[in-house]
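What the coordinates show
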Amino acid sequence: MAERVVDRQNQYLRIEGVTKRFGDFVAVDNVSLSIFKGEIFCLLGGSGCGKTTLLRMLAGFESPTSGRILIDGQDMAGIPPYERPVNMMFQSYALFPHMTVAANVAFGLEQEGVARPEIERRVSEMLDIVKLGEFAKRKPHQLSGGQRQRVALARALVKKPKLLLLDEPLGALDKKLREHTQFELINLQEQLGVTFVVVTHDQEEAMTLASRIGVMNKGQIVQVGTPTEIYEFPNSRFVADFIGSVNMFEGRLIEDEPGHVRIRCDDLDSTVFVSHGISAAPDAKVFVAIRPEKIEMNRGATAEGENCVGGVVREIAYMGDLSVYLVRLDGGRMVRVTIPNIERHEERIVWEERVVLRWQPSSPVVLTQ
Amino acid sequence: MVFFAIPFAIVFKISFSYMVPAQPGYAPLLEWFAETQRLVATFNLANYQVLLQDTLYLSTFLYSLKVAAFSTVLCLLLGYPMAYAIARSAPTTRNLFLMLIILPFWTSFLLRVYAWIGLLKTNGVINNTLLSLGIIDQPLVLLYTDFAVYVGIVYSYLPFMILPLYSNLEKHDLTLLEAAADLGARPVKAFFKITLPLSMPGVVAGCLLVFIPAVGEFVIPSLLGRTDQLMIGTVLSAQFFGARNWPVASAVAIALLLLLLLPILLFQRYQQRELEASRR
């Protein structure tokens, strides 16, 4: 497997203050973003957050109301889709139904005026890469969903675009195939070194594919970072809540030191001690976010000390690899805890048992917005 | 099927009979002679020989095919852009356009053809307008020409071209055109590479819906057409109702049907294939 080469010096795609309005509706709101050469960048967000509009502006199907898009230093303003060094893999794949797989893949090269033998060579090479060599003569309707997805990918990649745009690339595949295809996609990207911009609403897809993620909400980019940064250090309640699941408690800062903070939460009996400093006004309203897998759960009647609360198990969802517990705290709040099912015959905690929840001081994230 | 098979069988039978100046105008094929106790069958192939020998029939057949073919091409050239424009317009205006296409059907077909006489004749609306504007100083001979027949057929059958084309074009997935543009095809190229091939079922359906009735058309050529060159439909109706020679008329009808059977069968084969392809 090749190593992904991300050239952090090369801002291959630059989006500068791009806004897109449809009438009164602002679909994309003053977005600025730099994407490096050779990376897989995921635009992640719910439906209607503007991620697809942003992607369509990169492809040239929409033009920005204001702002600039530069690809490899070239301003894309006024350049129609058919002249951009960019190719797109559509969510519906948009394969030409009246053409064979080979003709679909060859289409882009024919438009460039590449010579016949060269087209044939590159098409068969590309079909071999996506393991569809033997299906070259088939029509799209004779293929399975996964095969169609690979044709769409081959068709978009065969022109060696500077930028490959993928709109929900795995959205139409079933779960098993998705997982498999995700890794294939990463391998392919490393092999060919093309810069990918992926749009998805599926955070799991974004986490596995991306070298960096840009989380979008209401037309704006709210956070950009590696999957780890986004998951472990979300910068807002929206991001914390959107990526994975999280327990969120409202509270007030009662102690603010450079190396640690203490927070008093109404829903929790104890104070929360966090072993890193934050930047917030004293006595400010803050939110404490704790991921379900970072909470330790034990049988016990009483909770003592900081970062420790008592409650009763109300719901258990057995997921196979892990179990999700919903624990009702003595104050009434429900808290979500996930416990990996490491041992098979372990005496597991059952319904209505009294438990004590505990977490490390480094685990909570304190959010001010 | 019954509504087709029974009349067809009757006409087929008549086409082999002798003409008799009586009521009905043909002799029975099978006759029971009581005196001789015999069933006598009399087949007459002369009706078909007439078709082959008399050059009138061959030339009218060819003329009909030519008129129908040209009219079909004209309908396609006019109808395709119209159907395309309707299919790509906003949903509200789309319904208005479709209404306008269907609206002429609310008046009698015959009436509309007669109206063309009023427009095309020597001192008709078109000539008078052109004369009064000073564009021409001699009235144009428009009526009773090939031109008038084409105008009549194209005008009458255009909706039959537009409607199947529209219903095909309207179903197209527009992301295919975006994909084509993304892969480097200019809009015109994308049209010829994507839209046109995908609209072929609509083109075929529209062409047959125009071509088949146009071949047998007799109202339009007899009202607007030349007197020295008949169309097969006119001959057919003249034989049936004018000469009252039902056997020859039936033979003409059968020959016409056989001629049209080929495109009809081709069309059905094509539809079958499309259906199978879409089912998979």
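A few points about the overall build of chain A
When its secondary structure is counted, chain A shows eight helices and 20 strands. Each principal axis of the C-alpha distribution contributes one length, and for chain A these read about 80 × 50 × 40 Å. Considering only residue pairs separated by 6 or more positions, chain A has 67% of its internal contacts joining residues 24 or more positions apart. Put simply, chain A shows about 17100 Å² of open surface, and 48% of that area lies on carbon and sulfur atoms. Side chains of chain A give 44 positive and 49 negative charges; the mean places of these two sets differ by 6 Å.

With respect to the packing of aromatic side chains
Residues and elements named next belong to chain B. Here the structure, examined in full by the defined rule, presents 13 aromatic pairs over all chains. Pairing Phe8 with Phe12 gives two aromatic rings, centres 5.9 Å apart and planes at 20 degrees, and the pair type is stacked. With Phe8 and Phe12 both in helix H1 (residues 2-14) and four residues apart, the pair spans about one turn of that helix. Note on Phe12: relative accessible area 38%, which makes it partly exposed.

Concerning the sheet that holds strand S17 (residues 322-329) of chain A
To summarise the sheet geometry, strands pair through backbone hydrogen bonds and adopt either a parallel or an antiparallel arrangement. All names here are of chain A. With antiparallel pairing, the five strands of this open sheet are ordered in space as S15-S19-S16-S17-S18. Two strands close off the open sheet at either side, each with one partner strand: strand S15 (296-299) and strand S18 (334-340). Ignoring strand direction, the axes of neighbouring strands in this sheet form an average angle of 45 degrees. Direction of pairing for S17 relative to S18: antiparallel, over a ladder of seven bridges. Looking across to S18, one finds that Val324 is bridged to Thr338.

Notes on the sheet that holds strand S9 (residues 212-217) of chain A
Residue and element names in this part refer to chain A. Strand order across the open sheet formed by six strands is S6-S7-S8-S3-S9-S10, with mixed pairing between neighbours. Bordering the open sheet on either side are strand S6 (86-89) and strand S10 (220-225), each of which pairs with just one other strand. When the angles between neighbouring strand axes are averaged without regard to direction, this sheet yields 20 degrees. Looking at chain direction, strand S7 (residues 163-167) and strand S8 (residues 195-200) are connected through five bridges and run parallel. Across the sheet, residue Leu164 finds its bridge partner in S8, namely Phe196.

Observations regarding the nonpolar core
Val67, Ile153, Leu224 and Val252 of chain B are the most contacted members of the largest nonpolar core, which has 55 residues in total. For this core, the element with the highest residue contribution is helix H7 (residues 146-169) of chain B, accounting for 13 residues. Other than its neighbours up to four places away in sequence, Val252 of chain B contacts Leu51, Tyr57, Phe61, Ile232 and Leu236 of chain B. The next biggest cluster of nonpolar side chains, apart from the first, holds 46 residues, and it includes Leu185, Phe196, Ile230 and Tyr231 of chain A.

Here's the deal with the packing of helix H5 (residues 109-120) of chain B against H7 of chain B
Residue and element names in this part refer to chain B. Interaxial distance between H5 and H7 falls to 11 Å at its minimum, and their mutual angle equals 140 degrees. Regarding the angle of H5 to H7, the classification is oblique. Considering how the two elements wind past one another, H5 and H7 form a crossing that is right-handed. Contacts from Phe109, Arg112, Trp116 and Leu120 in H5 reach Phe147, Ala148, Val151, Tyr155 and Ser156 in H7. Here the residues of the contact of H5 with H7 sort into seven nonpolar, one polar and one charged.

Some words on the packing of H5 of chain B against helix H6 (residues 125-132) of chain B
All names here are of chain B. At a minimum axis separation of 4 Å, H5 and H6 run at an interaxial angle of 25 degrees. By the angle between their directions, the pair H5 and H6 is classed as roughly parallel. Counting all contacts with H5, which are made through Gly118, Leu119 and Leu120, the residues of H6 involved are Val125, Ile126 and Asn127. Residues belonging to the contact of H5 with H6 are distributed by class as follows: four nonpolar, two polar and no charged.

Here we look at the confidence of the model for chain B
Chain-level statistics for chain B give a pLDDT mean of 86 and a share of 96% at 70 or above. Here the complex is predicted with pTM 0.82, and the ipTM for its interfaces comes to 0.84.

Overview of the side chain of Gln189 of chain A
Relative to the helices and strands, Gln189 of chain A is located in helix H5 (residues 175-192). A polar side-chain atom of Gln189 of chain A sits 2.9 Å from the main-chain carbonyl oxygen of Gly38 of chain A.

A few points about the domain arrangement of chain A
Residues and elements named next belong to chain A. Annotation of chain A at the domain level lists domain 1 (7-240) and domain 2 (246-367). Computed over C-alpha atoms, the centres of domain 1 and domain 2 are 39 Å apart. Between domain 1 and domain 2, the contact holds eight residues from the first and eight residues from the second. Contact with domain 2 buries surface across domain 1, with Tyr231, Arg237 and Ala240 losing the most and accounting together for 69% of the total. Connecting domain 1 to domain 2 are one salt bridge. Between Glu232 and Lys294 there is a salt bridge, with the nearest N and O atoms lying 3.1 Å from each other. In this assembly, domain 1 and domain 2 are joined by four residue pairs in polar contact (both at pLDDT 80 or more).

As for the pattern of salt bridges
Residue and element names in this part refer to chain A. Inspection of every chain in the model, using the stated rule, returns 31 salt bridges over all chains. Measuring nitrogen to oxygen at the nearest pair gives 3.6 Å for the salt bridge that ties Glu250 to Lys285. Here the residue Glu250 occupies a position in strand S11 (residues 247-256), and Lys285 occupies one in strand S14 (residues 285-290), the gap between them amounting to 35 residues. The exposure class assigned to Lys285 is partly exposed, which follows from its relative accessible area of 44%. Through salt bridges that share partners, Arg14, Glu16, Arg68 and Asp75 make up one connected network.

How each quantity is defined
Residue positions are counted from 1 within each chain, in the order its sequence is given. As they are written, the chains are lettered A onward and the ligands numbered 1 onward, keeping that order. Restriction of local features to residues with pLDDT of at least 70 applies here, the model being predicted, together with a cutoff of 80 or more for giving and counting side-chain atom pairs; totals for whole chains, interfaces and linings are based on all residues. Note that water and hydrogens are dropped before the side-chain values are worked out from all heavy atoms of the structure. Note on conventions: DSSP H or I runs of at least 4 residues are helices, E runs of at least 2 residues are strands, and numbering of each starts at the N terminus. Note on definitions: a residue-residue contact is assigned when non-hydrogen atoms from the two residues lie within 4.5 Å. What sets the accessible areas is the Shrake-Rupley method with a 1.4 Å probe; for residues, cover comes only from the shown protein chains. Charge convention: Lys and Arg are scored as positive, Asp and Glu as negative, and His as well as the terminal groups of each chain are ignored. Each charge is placed at NZ for Lys, CZ for Arg, CG for Asp and CD for Glu. Side-chain rings of Phe, Tyr and Trp (the six-membered ring for Trp) are treated as a pair once their centres are within 6.5 Å; stacked means planes under 30 degrees apart, edge-to-face means over 60, and tilted covers the remaining angles. Buried residues are those whose accessible area, probed at 1.4 Å on protein chains only, stays under 20% of the maximum for their type, while exposed residues exceed 50% and partly exposed ones sit between those limits. One requirement defines pairing of two strands: DSSP has to find at least two bridges between them. Fitting a line to C-alpha atoms yields each axis, with helices limited to the stretch in contact; the angle taken between N-to-C directions then spans 0 to 180 degrees. Grouping buried Ala, Val, Leu, Ile, Met, Phe, Trp, Tyr and Cys residues that are joined through side-chain atoms within 4.5 Å yields what is termed a nonpolar core. The cut-offs work like this: below 35 degrees is roughly parallel, past 145 is roughly antiparallel, 65 to 115 is roughly perpendicular, and the gaps in between are oblique. Crossing chirality is assigned from the near helix's rotation relative to the far helix, an anticlockwise turn below a right angle marking it left-handed and a clockwise turn marking it right-handed. By the convention adopted, Pro, Cys, Tyr, Trp, Phe, Met, Ile, Leu, Val and Ala count as nonpolar, Lys, Arg, Asp and Glu as charged, and the other residues, Gly among them, as polar. As a per-residue measure, pLDDT reflects the predictor's confidence and takes values from 0 up to 100. Identification of polar contacts relies on pairs of N or O atoms within 3.5 Å, with a donor-acceptor requirement for protein atoms, meaning one able to donate a hydrogen and the other able to accept it, and with residues adjacent in sequence counted only if both atoms are side-chain atoms. The domain boundaries here were taken from an automatic or database domain assignment. Two parts placed together each lose some accessible area under a 1.4 Å probe, and adding up what both lose gives the buried area. For this document, the term salt bridge refers to a Lys or Arg side-chain nitrogen within 4 Å of an Asp or Glu carboxyl oxygen.

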